[in-house]
Amino acid sequence: MSVSRGGNQAPDDLEPLLHDEKSRPIDKDVEASLLNGSASKEFRGAGGGNGGPGGHGRDREDSGLFLKKIGSAFFYGISSFMITVVNKTVLTYYQFPSFLFLSLGQLTASIVVLGVGKRLKLVSYPPLQRNTFYKIFPLPLIFLGNMMFGLGGTKALSLPMFAALRRFSILMTMLLELKILGVRPTTAVQISVYCMIGGALVAASDDLSFNLQGYVYVMITNALTASNGVYVKKKLDTSEIGKYGLMFYNSLFMFVPALALNYATGDLEKALNFPSWNNPTFLSQFLLSCVMGFILSYSTILCTQFNSALTTTIVGCLKNICVTYLGMFIGGDYVFSWLNCIGINISVMASLLYTYVTFRRKQAPDKQQQQLAVSSSSSFRTQSV
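Attention in this report is confined to the structure presented alongside it. Just so you know, these numbers come straight off a predicted model, no measurement behind them.

## Examining the packing of aromatic side chains
Piece 1. As enumerated under the stated definition, the model contains 23 aromatic pairs in all.
Piece 2. Seen in terms of ring centroids, Phe-101 and Trp-277 are 6.3 Å apart; in terms of plane orientation they differ by 70°. Their pairing is edge-to-face. With a gap of 176 residues between them, Phe-101 in helix H5 (residues 99-119) and Trp-277 in the loop between helix H13 (267-272) and helix H14 (280-306) connect regions that are remote in the sequence.
Piece 3. Residue classification places Trp-277 among the partly exposed positions, given a relative accessible area of 24%.
Piece 4. For the pair Trp-277 and Phe-286, a centre-to-centre distance of 5.1 Å together with 80° between the ring planes defines the contact as edge-to-face.
Piece 5. Put simply, the rings of Tyr-93, Tyr-94, Phe-96, Phe-101, Phe-274, Trp-277, Phe-282 and Phe-286 pair up and form one aromatic cluster.

## Concerning the pattern of salt bridges
Piece 1. Throughout the structure, instances matching the rule amount to two salt bridges.
Piece 2. Among the ionic pairs, Glu-240 bridges to Lys-135, the shortest N-O distance being 2.5 Å. With Glu-240 in the loop between helix H11 (212-238) and helix H12 (242-265) and Lys-135 in helix H6 (residues 132-136), this pair connects stretches of sequence that are 105 residues apart.
Piece 3. Under the relative-accessibility criterion, Glu-240 is labelled exposed at 52%.

## Some thoughts on unusual backbone geometry
Piece 1. Between Phe-137 and Pro-138 the backbone carries a cis peptide bond, its omega angle lying at 5°.
Piece 2. Examined against the element boundaries, Pro-138 turns out to sit in the loop between H6 and helix H7 (139-156).
Piece 3. The backbone phi angle of Gln-95 is positive, close to 55°, even though this residue is not glycine.
Piece 4. Summarising the element assignment, Gln-95 is placed in the loop between helix H4 (55-93) and H5.

## Examining the packing of H5 against H12
Piece 1. Put simply, H5 and H12 touch, their axes get as near as 8 Å, and they point 145° apart. Between H5 and H12 lies a crossing of left-handed hand. Of the residues in H12, those in contact with Leu-100, Phe-101, Leu-104, Leu-107, Thr-108, Ser-110, Ile-111, Leu-114 and Gly-115 of H5 are Tyr-244, Met-247, Phe-248, Ser-251, Leu-252, Met-254, Phe-255, Ala-258, Leu-259, Leu-261, Asn-262 and Thr-265.
Piece 2. Class assignment for the residues of the contact of H5 with H12 results in 15 nonpolar, six polar and no charged.

## Digging into the environment of Leu-159
Piece 1. Examined against the element boundaries, Leu-159 turns out to sit in helix H8 (residues 159-165).
Piece 2. Taking the C-alpha atoms as reference points, Leu-159 and Tyr-334, separated by 175 residues in sequence, lie 7.6 Å from one another.

## Focus: helix H10 (residues 187-205)
Piece 1. Look at H10: 27 Å from first C-alpha to last across 19 residues, which is about the 27 Å you get at 1.5 Å a residue.
Piece 2. Within the span of H10, buried status applies to Val-189, Ser-192, Val-193, Met-196, Ile-197, Gly-199, Ala-200 and Ala-203. Projected onto a plane normal to the axis of H10, the buried residues spread over an arc of 155° and lie on a single side. In H10, the exposed positions that point more than 90 degrees away from the buried face belong to Thr-187 and Ser-205.

## Some remarks on the environment of Cys-290
Piece 1. Within the element layout of this structure, Cys-290 appears in helix H14.
Piece 2. Looking at Cys-290, the relative accessible area reads 5%, which means it is buried.
Piece 3. Separated by 183 residues in the primary sequence, Cys-290 and Leu-107 place their C-alpha atoms 7.7 Å from one another.
Piece 4. What Cys-290 contacts, discounting residues up to four positions off in sequence, is Gly-105, Gln-106 and Ala-109.

The rules behind each value
- Residues numbered from 1 in each chain as written.
- Predicted model: local features only at pLDDT ≥ 70, side-chain atom pairs only at ≥ 80, totals over all residues.
- Heavy atoms only, no water.
- Phe/Tyr/Trp six-rings, centres within 6.5 Å; stacked < 30°, edge-to-face > 60°.
- Helix = DSSP H or I, 4+ residues; strand = E, 2+ residues; numbered from the N terminus.
- Buried < 20%, exposed > 50% of the residue type's maximum accessible area, 1.4 Å probe, protein only.
- Salt bridge = Lys/Arg side-chain N within 4 Å of Asp/Glu carboxyl O.
- Axes fitted to C-alpha atoms, helices over the stretch in contact; angles between N-to-C directions.
- Left-handed = near helix turned anticlockwise from the far one by under 90°.
- Contact = heavy atoms within 4.5 Å.
- Nonpolar A, V, L, I, M, F, W, Y, C, P; charged D, E, K, R; others polar.
- Expected span 1.5 Å × (residues − 1).
- Arc of directions from axis to C-beta.

So, in structure tokens, the structure goes:
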């Protein structure tokens, strides 16, 4: 009897029964549960268990998959952390005058990278049609607003306060899911979310570097982030455009409005007259910020592909904790006070609690599937005897 890596047991003598068409009939539900479970990986491999001829090949394959899982999660965490730090460096340390122009640069980078990627057949998405904008509306508006107000909040607030206030988006998402999708969160999830919000409010009550404009920008970003999550899920379920298509056409449709907004507000002129364009360090930081928007989206897809949405959520939570504490030293605009620091730490601890209860909630269906596979395997052995 060989033991699969998923923890389910399956006898070796089931392999000829699964693969031999002339063998006795197998109940279809039992066969599906076995093939969908982790034990199916053992049956599909050539040579049976790890001791067979194909064992070493599967070991190498599993090692490669493990490296991809770890590498993609690490890539996502680094990308998510770097885009926050780089944006803060460009807008605060170098005093770049326009977050609107930076958002225009990020739109341009996404269009160029995805356009070249399609020509090189690295990515694919449907061609532009007359009804493409209608298919993805209102995502382009949400996408542009989320980007601009997010950069505005990053410029106006210290990173610890920015990270703390961004947790309001979780509350807004929870309320939108309840209102639109009818999804009611568990009591443990609600408690963790309310603790995050409470900690953020405590921190805000003694924020010595208070900036009303920054607070407004972050709260608008939170509302747009919550709306974006709901609408992206809806569009991906009902549209054939796909992830890359949404990324490309969101940027393409909003480029001209973003350019017009830059011109109307005078930010275009202020950005072009910025004196540090001849500074190689600033220029590299600016270009890195432009391409990091696309890199972050790509790393999110990659992490979810090789791991799961749960792993992506956990890595994002850990990244926010790093941003919170390192942000006290990065940017130079965080003003320490005990009440503010206590509130930020309450919000961080609640984030860890949220990750834990979310992990337990999402792990429950997996355990039920494993129990079903084990039960089906036992039933099939009884029938075989």
